[in-house]
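# Observations on the model geometry
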Amino acid sequence: MAQDTIKCYDSPDDVVNAMVEDFIAFTNEEIARTETCVVGITGGTVVNGLLEMLNSPEYIDRLNWERVFFVWTDERFLPQSHEDNYYNRVKPYLLCKARGAAHFLPINTESKTVVEAAGEYEKEVQTVLKACKKGGLDLAILDLGEDGHTAGLFAGSHALRITDHDVVAVEDGKVWERISMTFSFLAKTDAVWFTVTGESKKAALTKVLYQREDYEDTAWDKRIGRVLPGAVLSQEDMTWYVDKAAYDDVH
C-alpha cells in the first residue's frame, strides 16, 4: 500500500490556499475523465475556508460547478438552523455566492429521527452516484478530531463495523447524535484528503500517523478496533493537509 502524502504549511490559511489549487485541479481532471466529480465534505474551519475561497471572484469561474456534486460525509443531528449544524455553518460562505448550477446535497435533519435521516440520506447519495455512473465518491475531504475520530465515527462505536449500509446513524458518538458515511462506503472512495490544523490536534495526528505506518500492509477492515478511526482508511491516494502547529516535530 502506498505511503501517505503529507503536505505541511505554516498556517491554516496556507493549508486552505494550497487545497484550493489542488481541488480545482483534481475536479477538473476527474470531470475530463468521467464528466462529473462527486465530493464528500465535512464540517470544520478548513473546509469552510475552502468553500469560501472557491466562491471568491478569484476562483469561482475556475471550478466547473455544474459538474461537481457535494455530499456530506457526516453531520450532527441538529436542525439546520442550529449554530452547531455543519451545513448551517457553511451556508454563509456558500449559498449567497455559488453559481446556481452548484450541487450541494446536505443531510436533512429536520423533523426526523436520526435513523430515518440516515436512511433517507443513504438513498440520496445512491441516487447521485447512480446518476453519475459511479460506485463511490471520487474525493472525500475529512477532518481528524482531537480524540482521533473522523467522519462522525468514534473509537468503540457500533458504526465502525457496519458493512451493509453506506450511511448510518451514530447514536453512541460524543455530545450529539450524528449521521455518517460508513467505513465500508468511504473505503470505496478514490482519493481521501485529511485536514488537520492547530496544536490541539497534534497528539491525535501523531498517534494516527504512527498507527498508519504500523498497519500500512493491513486492509482497512482489519484495522478496526486496533487503531484510531483516523487510521482506518487505506486508499493509495491519501493526502494530509496539515499546519506546523499540528505536525511540526511529529515526523
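Further up the page is the structure itself.
A brief look at the structure comes next. (Residues numbered from 1 in each chain as written. Predicted model: local features only at pLDDT ≥ 70, side-chain atom pairs only at ≥ 80, totals over all residues. Heavy atoms only, no water.)

Here we come to the overall build of the protein. In terms of regular secondary structure, the protein is built from 8 helices and 10 strands. Rg of the C-alpha trace for the protein: 17 Å, near the compact-globule value of 18 Å for 251 residues, within the 12% margin. Taking the principal axes of its C-alpha atoms as reference, the protein extends roughly 45 × 40 × 35 Å. Among the 251 residues that make up the protein, the fraction classed as buried is 56%. Considering only contacts in the protein between residues 6 or more positions apart, those separated by 24 or more positions represent 74%. Accessible surface, the protein: about 11,200 Å² in total, of which carbon and sulfur atoms supply 45%. Within the protein, one finds 26 positive and 43 negative side-chain charges whose respective centroids are separated by 3 Å. (Helix = DSSP H or I, 4+ residues; strand = E, 2+ residues; numbered from the N terminus. Rg over C-alpha atoms; globule rule 2.2 N^0.38 Å. Buried < 20%, exposed > 50% of the residue type's maximum accessible area, 1.4 Å probe, protein only. Contact = heavy atoms within 4.5 Å. Areas by Shrake-Rupley, 256 points an atom, 1.4 Å probe, with all protein chains shown as cover. Lys, Arg positive; Asp, Glu negative; His and termini not counted. Charge placed at Lys NZ, Arg CZ, Asp CG, Glu CD.)

A few words now on helix α4 (residues 114-132). Counting along an α-helix, one turn takes 3.6 residues, and residues three or four places apart therefore face a common direction. Compared with an ideal rise of 1.5 Å per residue, which puts 19 residues at 27 Å, α4 spans 27 Å between its outermost C-alpha atoms and is within 8% of the ideal. All of the buried residues in α4 are Val114, Ala117, Ala118, Tyr121, Glu122, Val125, Val128, Leu129 and Cys132. Each buried residue of α4 lies within a common arc of 135 degrees when the element is viewed along its axis, so the set occupies one face. Opposite its buried face, α4 presents the exposed residues Lys123, Thr127, Lys130 and Ala131, each directed more than 90 degrees away. At its buried positions, α4 is contacted by β2 (37-41), β3 (68-72), β5 (103-105), β7 (167-170), β8 (178-181) and α5 (183-186). In the segment just after α4, Lys133 is the residue with positive phi, at about 60 degrees. (Expected span 1.5 Å × (residues − 1). Arc of directions from axis to C-beta.)

Here Gln211 is to be found in helix α6 (residues 202-214). Relative accessible area serves as the criterion here: at 12%, Gln211 is assigned to the buried category. Beyond its immediate sequence surroundings of up to four residues, Gln211 is in contact with Arg226, Val227, Leu228 and Ala231.

Burial analysis of helix α2 (residues 45-54) places 7 of its 10 residues in the buried class, the great majority of the element. Buried within α2 we find Val46, Val47, Asn48, Gly49, Leu50, Leu51 and Leu54.

Here the structure, examined in full by the defined rule, presents 9 aromatic pairs. Here Phe70 and Phe104 contribute two aromatic rings whose centre-to-centre distance is 4.5 Å and whose plane-to-plane angle is 10 degrees, an arrangement assigned as stacked. Taken together, the residues Phe70 in strand β3 and Phe104 in strand β5 connect sequence positions 34 residues apart. For Phe70, a relative accessible area of 1% gives the class buried. (Phe/Tyr/Trp six-rings, centres within 6.5 Å; stacked < 30°, edge-to-face > 60°.)

Following the sequence through the fold, Thr113 ends up in the loop between β5 and α4. On the basis of relative accessible area, Thr113 is assigned to the partly exposed category, the value being 41%. Once the C-alpha coordinates of Thr113 and Phe77 are considered, the two residues, 36 residues apart in sequence, prove to be 8.6 Å apart. Within the structure, Thr113 has its side chain in polar contact with the backbone nitrogen of Glu116 (distance 3.1 Å). (Polar contact = N/O pair within 3.5 Å; in protein donor to acceptor, adjacent residues only side chain to side chain.)

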